[in-house]
Amino acid sequence: MLVAALTAAGLLAGCGSDSTDSDGASTAGGGASTAAGDLAAKVTELSNPRKTLPIPTDEVEGIDKLRGKTVYYIPITQQAPALTVTARALTSALSSAGVDVHVCNGNSNPSDITSCVNQATGAGAAAIITDAIPYALAGNALGAAQSKGIPVLITNQIPDSAHPASDRLGYIEGAGKAQQRAIADWIIVDSGGKANVVINGSTDSPSTQAYVAAAQEEYKAHCPDCEVKVNKISSANFSLIASSTSSAILTTPGVGYVVSEFEQYLQPTLNGVQQSGKASSIRGAAGSAQITGLQMLASGKFLHVDSGQANVFQGWVDADAAIRMMLGLPLPEYEIPIRLFTRDNVKDITVSSEAEATGEWFGPTDFPAKFRALWGLG
């Protein structure tokens, strides 16, 4: 396996070598070698599906009160494949409790997002779930919804300090930071601790910037010999991503890795790498793994690692949180699992919409039954 080989050779050498005395005991650099081995072991663990998934333990009572109610789900855009997967899972989960889901497309536009929130408020929604939308993009509308007793759940965003969680406002941060840290760990291991990296980091929200900052912190903590440059990109300037990527590569000598923060930017990122003329020497990485990226991994084209979060599981987590908020119950701590997909382990999964819908890429697929049991639905 790649990780094992790098642990034994490149990474350990890159992060500090050991000398030994005549008895074979380490006499120098032991701390660096141990840290390198720990990081490689972490990458190996993240490359495997979870044996168990983090299901909440606090049971829910009174779910029958929710039958016939409607929850509004507002993704920042329905063009994001991951959010479509989450929407389907959320709809399936809440339907088992007799709750309808209305999906309103935010269209990556503050006006449309606000309109969706106002529509939900006017319709007397039982709860509003937003996905990948900063609170500030529709702050007044979200505040108005809460003032009318409608609980609001903000998902896949870091909590807004100006609007702390309350009985009517909840946050599920998601796994954005964890995904970017995992990519950084893989690159550190793969490079033997001496990577030169360009990250195409989104400036779309404080959360997307925080995810990239988490990756930078990971490199700083575990790879002092790594060089990291952030190429700032945005959805609003999508057409410029390719040219800015090429420019970032050409003005940063020795780039060996280029990271697309989200898979939605993967194609223009690849185009920029090709425009730079350096494609043969650059390894690609991406976050928010979807079928397109996994197919690219399987084909051996550009991408070497793709981190993803369990979007189907997230849909059931979002349903659980919405149910609890509608019933006036406190939210537990939620964890959204992630996994690193590589050219090696992608061969062990079925890359299809049907397989994706089961959640099998990330671990056991019995979580819907476990959530239903938690809700008293048997």
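These numbers were taken from a predicted model, which means no experiment stands behind them.

Visitor: Where do I start with the confidence of the model for the protein chain in this structure?
Guide: For residues with low pLDDT, the predicted coordinates do not support detailed interpretation. For the protein chain, mean pLDDT is 91; residues scoring 70 or higher make up 91% of the total. Scored below 50 in pLDDT, residues 1-29 makes 51 contacts in the model with residues more than four places away or belonging to other chains.

Visitor: What should I look at first to understand the pairing of strand β8 (residues 257-260) in this one?
Guide: Walk down a regular strand and you will see the side chains alternate between the two sheet faces. Where burial is concerned, the two faces of β8 agree: the one with Tyr-257 and Val-259 and the one with Val-258 and Ser-260 are both buried. Note: β8 against strand β9 (residues 283-286), four bridges, orientation parallel. Pairing of Val-258 across the sheet is with Gly-284, part of β9. One crossover worth recording links β8 to the parallel β9 by way of helix α10 (residues 266-276), and it is right-handed.

Visitor: When you look at the packing of helix α9 (residues 241-250) against α10 in this model, what are you seeing that I'm missing?
Guide: The description of two packed helices rests on the angle between their axes and on the distance between the axes. Running from N to C, α9 and α10 cross one another at 45°; their axes reach a closest spacing of 7 Å. As summarised for this structure, α9 and α10 are arranged oblique, according to the angle between their axes. The way α9 lies across α10 gives a crossing that is right-handed. Packed against α9, whose contacting residues are Ile-241, Ala-242, Ser-243, Thr-245, Ser-246, Ile-249 and Leu-250, the element α10 presents Pro-268, Thr-269, Asn-271, Gly-272, Val-273, Gln-275 and Ser-276 at the interface. Here the contact of α9 with α10 is built from residues that sort into six nonpolar, eight polar and no charged.

Visitor: Is there a simple way to explain the state of the cysteines in this structure?
Guide: A covalent bond bridging the sulfur atoms of two cysteines is what the word disulfide describes. Scanning the entire structure with this criterion turns up two disulfides. Disulfide partner of Cys-104: Cys-116, at an S-S distance of 2.0 Å. The disulfide joining Cys-104 to Cys-116 has a torsion of about -75° about its S-S bond and is therefore left-handed. Separated by twelve residues along the polypeptide, Cys-104 in the loop between β2 (100-103) and α5 (110-122) and Cys-116 in helix α5 bring together distant segments of the chain. Residues Cys-104 and Cys-116 agree in their burial class; the two are buried.

Visitor: Teacher, can you tell me more about the pattern of salt bridges here?
Guide: As a working rule, side chains carrying opposite charge can pair if their charged atoms are close by. Considering all chains together, one arrives at eight salt bridges under this definition. Glu-218 is the salt-bridge partner of Lys-42, the closest N and O atoms lying 3.4 Å from each other. Of this pair, Lys-42 sits in helix α3 (residues 30-46) while Glu-218 sits in helix α8 (residues 206-222), placing them 176 residues apart in sequence. What makes Glu-218 buried here is its relative accessible area of 9%. Connected via shared salt-bridge partners are Lys-42, Asp-185 and Glu-218.

Definitions and limits used
- Residues numbered from 1 in each chain as written.
- Predicted model: local features only at pLDDT ≥ 70, side-chain atom pairs only at ≥ 80, totals over all residues.
- Heavy atoms only, no water.
- pLDDT = per-residue confidence, 0-100.
- Contact = heavy atoms within 4.5 Å.
- Buried < 20%, exposed > 50% of the residue type's maximum accessible area, 1.4 Å probe, protein only.
- Helix = DSSP H or I, 4+ residues; strand = E, 2+ residues; numbered from the N terminus.
- Pairing = 2+ DSSP bridges.
- Right-handed = clockwise from strand over helix to strand, strands pointing away.
- Axes fitted to C-alpha atoms, helices over the stretch in contact; angles between N-to-C directions.
- Parallel < 35°, antiparallel > 145°, perpendicular 65-115°, else oblique.
- Left-handed = near helix turned anticlockwise from the far one by under 90°.
- Nonpolar A, V, L, I, M, F, W, Y, C, P; charged D, E, K, R; others polar.
- Disulfide = S-S within 2.5 Å.
- Salt bridge = Lys/Arg side-chain N within 4 Å of Asp/Glu carboxyl O.

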